[in-house]
Amino acid sequence: MKKTILTGIKPTGQIHLGNYIGAIKPALDLAKVPHYQPAYFVADFHGLTKIHQADEFKQLSYGIAATWLALGLNPEKVIFYKQSDVAEIFELNWILSCFTPKGLMNRAHAYKGIVEQNREMDRDLDDGVNMGIYTYPILMAADILSFQTNIVPVGKDQIQHVEIARDIAETFNHHYGETFVLPDYQVQEGTELLPGLDGRKMSKSYNNTIPLFEEPKRLQKLINKIKTDSLPPAAPKNPDTSIVFALYKEFATEAQIEKMAECYRSGIGWGEAKKELFDVMNHFLEEPRETYKELMGSPKRIDEILENGAERARAIAKPFLKEIKRKIGVHM
Ligand code: ADP
Ligand code: TRP
């Protein structure tokens, strides 16, 4: 039996380096392991908790799909789909919500974060919280559990959500007998949280990102904005504490990495280190950037691929949902 590995990205902004290094790159590496069955998807209905402009929503969803494909996702091997095309997930979402204590949602960090912010600003605590945000982790559990997922590759900030999915699955299993596989998360070591331009976690929410498919000139500009210390150019630098080096490692070859680490230790100016970073990054991204543009220009092609993936996804989710419904007493 192949192990299922599953992950999704919600279309709430342009894909940035943090998404790539923390989520997409490790997932694409795992997709190459022969005994894994990868299922990767556009978590569009998760994005709907935030994006309420139809055109923007559509473009962002295509953007996520085009990003995966441009970076080499093989839709023959990966079951690649859009969440909203798989209706079974939303039926399971309801079933699972009837097994999820409200208190568990109160403790979910995304919701808690908004409440805390409201408290600080002296606003109503529920300000800006729609029910989609509140029950977000249940839909994520439905995403994961619909496909008997073994491994969920995600960034560190998503660990709690995978743990919640596990909790919900355990509760259900306890009631009705072994039904759901208990999922494990997998976080890429060393890149748990890629810092952004200002040193905080790189995130759409902080406006401190480097978008992955930025044009070369803009890319160079953004790289130049990365916060560094004020050591003089000739002073030795520690590659292990430098964001510039952390990024360099993601795009360079082993030999280049070793050589660059040596340069840091013997002293390299930040200007030059950033130039080197731009070179490896741009070299790596040139081709995917073009493919991305091409795909964004032919949304029909993306639709075709996603529809095909959704069919494969439903072929798994549908019979499983039927079994679940039988267990809870909806079907014979
Ligand atoms: P954002 O914080 O920009 O809204 P998302 O929440 O949409 O990003 O995250 C999509 C995926 O990318 C998740 O698996 C998340 O853990 C990962 N991710 C996001 N930002 C980073 C980061 N700065 N470093 C590592 N992984 C990240
Ligand atoms: N919540 C994830 C994020 O913000 C996206 C997501 C939705 C997801 N469903 C998922 C990730 C299932 C992994 C598995 O990045």
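You'll find the structure just up there.
Cut-off values and rules
Starting afresh in each chain, residues are numbered from 1 along the sequence in its written order. Chain labels run from A onward and ligand labels from 1 onward, assigned in the order the entries are written. Two thresholds apply to this predicted model, a pLDDT of at least 70 for residue-level local features and 80 or more for giving and counting side-chain atom pairs, whereas whole-chain, interface and lining totals are computed over all residues. Derived side-chain values reflect all non-hydrogen atoms in the structure, with water molecules and hydrogen atoms excluded from consideration. Counting from the N terminus, the helices are the DSSP runs of H or I reaching at least four residues and the strands are the DSSP runs of E reaching at least two. The reference for a compact globule is 2.2 Å times residues^0.38; the radius of gyration itself is calculated from the C-alpha atoms. Each residue's exposure class comes from its accessible area (1.4 Å probe, protein chains only) as a fraction of the maximum for that residue type: buried when under 20%, exposed when over 50%, partly exposed otherwise. Whether two residues are in contact is decided by their heavy atoms: any pair within 4.5 Å suffices. Methods summary: accessible areas were calculated by the Shrake-Rupley approach with a probe of 1.4 Å, and residue burial reflects only the protein chains presented. The charge count treats Lys and Arg as positive and Asp and Glu as negative. His and the chain ends do not count. A single reference atom marks each charge: NZ on Lys, CZ on Arg, CG on Asp, CD on Glu. Whether a residue is near a molecule or strand depends on its heavy atoms: it is near if one of them lies within 4 Å of it. Residues adjacent in sequence count toward polar contacts only when both atoms are side-chain atoms; beyond that, a polar contact is any pair of N or O atoms within 3.5 Å, and within protein one must be able to donate a hydrogen and the other to accept it. Note on definitions: the grid is 1 Å and covers protein atoms alone; a cavity is a set of points where a 1.4 Å probe fits but cannot get out; a pocket is an open set with protein on both sides within 12 Å along at least five of seven lines; lining residues have an atom within 4 Å of a point. Should more than half of a molecule's atoms lie within 2 Å of a pocket's or cavity's grid points, that molecule is taken to sit in it. Any residue outside Ala, Val, Leu, Ile, Met, Phe, Trp, Tyr, Cys, Pro, Asp, Glu, Lys and Arg is labelled polar, Gly included; the first ten of those are nonpolar and the last four are charged. Grid points are joined across faces, edges and corners, and a volume is the space filled by probe spheres set on the points. To form a nonpolar core, buried Ala, Val, Leu, Ile, Met, Phe, Trp, Tyr and Cys residues must be joined to one another through side-chain atoms within 4.5 Å.

Asks: Go over the overall build of the protein chain with me, naming the residues and quoting the values.
Replies: What the protein chain contains, in helices and strands, is 14 helices and five strands. Relative to the compact-globule value of 20 Å for 332 residues, the protein chain shows a C-alpha radius of gyration of 21 Å, a close match. With the C-alpha coordinates of the protein chain rotated into their principal frame, the extents come out at 75 × 50 × 40 Å. Buried residues in the protein chain amount to 49% of all 332 residues. The contacts in the protein chain between residues at least 6 apart in sequence include a share of 77% that link residues at least 24 apart. As presented, the protein chain carries roughly 16900 Å² of accessible surface, and 52% of it is formed by carbon and sulfur atoms. Charged side chains in the protein chain number 41 positive and 44 negative. The centres of these two groups are separated by 1 Å.

Asks: Quick rundown of the site of ligand 1? Include the residues and the values.
Replies: Surrounding ligand 1, one finds 18 residues, the nearest of these being His 16, Gly 155, Asp 157, Leu 194 and Lys 204. A distance of 3.2 Å is found between an oxygen atom of ligand 1 and a side-chain nitrogen or oxygen belonging to Lys 10. Within the backbone of Lys 204, one N or O atom sits 2.8 Å away from an oxygen atom of ligand 1. In this structure the site holding ligand 1 corresponds to the largest pocket. Counted by class, the shell around ligand 1 contains five nonpolar, eight polar and five charged residues.

Asks: Quick one: what's the story with the site of ligand 2, residue by residue and with numbers?
Replies: In the vicinity of ligand 2, 14 residues are found, and the nearest of them are Lys 10, Tyr 136, Met 140, Asp 143 and Gln 158. Tyr 136 places a polar side-chain atom, nitrogen or oxygen, 2.7 Å from a nitrogen atom of ligand 2. For ligand 2, whose accessible area on its own is 360 Å², the fraction buried by protein is 92%. Counting atoms within 2 Å of the grid points, the majority share of ligand 2 lands in the largest pocket. Going through the elements one at a time, strand E1 (3-9) and helix H8 (136-145) are the ones with two or more residues in the shell around ligand 2. The element that contributes the greatest number of residues to the shell around ligand 2 is H8, accounting for four residues.

Asks: Which residues make up the environment of Ile 168, and what values go with them?
Replies: Assignment of secondary structure puts Ile 168 in helix H9 (residues 159-176). C-alpha of Ile 168 to C-alpha of Glu 290: the two residues are 122 residues apart in sequence and 42 Å apart in space. Not counting the four nearest positions on each side in its chain, Ile 168 is found in contact with Leu 96, Thr 100, Leu 104 and Ala 141.

Asks: Go over the layout of surface pockets, please, and point to the residues and values.
Replies: Over the atoms, a rolled probe matching the size of one water molecule traces out where space is still vacant. Its boundaries defined by the atoms lining it, the largest pocket holds a volume of some 1400 Å³. Around the largest pocket, the lining comprises 44 residues; the ones closest to its centre are Lys 10, Asp 157, Gln 158, Lys 201 and Ser 205. Going through the elements one at a time, E1, helix H1 (17-30), helix H6 (109-120), H8 and strand E4 (151-153) are the ones with two or more residues in the lining of the largest pocket. No other element matches H6, which puts five residues into the lining of the largest pocket. Taken together, the residues of the lining of the largest pocket break down into 18 nonpolar, 18 polar and eight charged.

Asks: Before we move on, can you summarise the nonpolar core with the specific residues and values?
Replies: Counting 61 residues, the largest nonpolar core has Tyr 40, Trp 68 and Phe 80 as its most contacted members. The leading source of residues in this core is helix H13 (residues 270-296), at nine residues. Listed in part, the 42 residues of the second largest apolar core include Phe 99, Tyr 136, Val 152 and Leu 321.

Function cannot be read off these values alone, since they describe shape.
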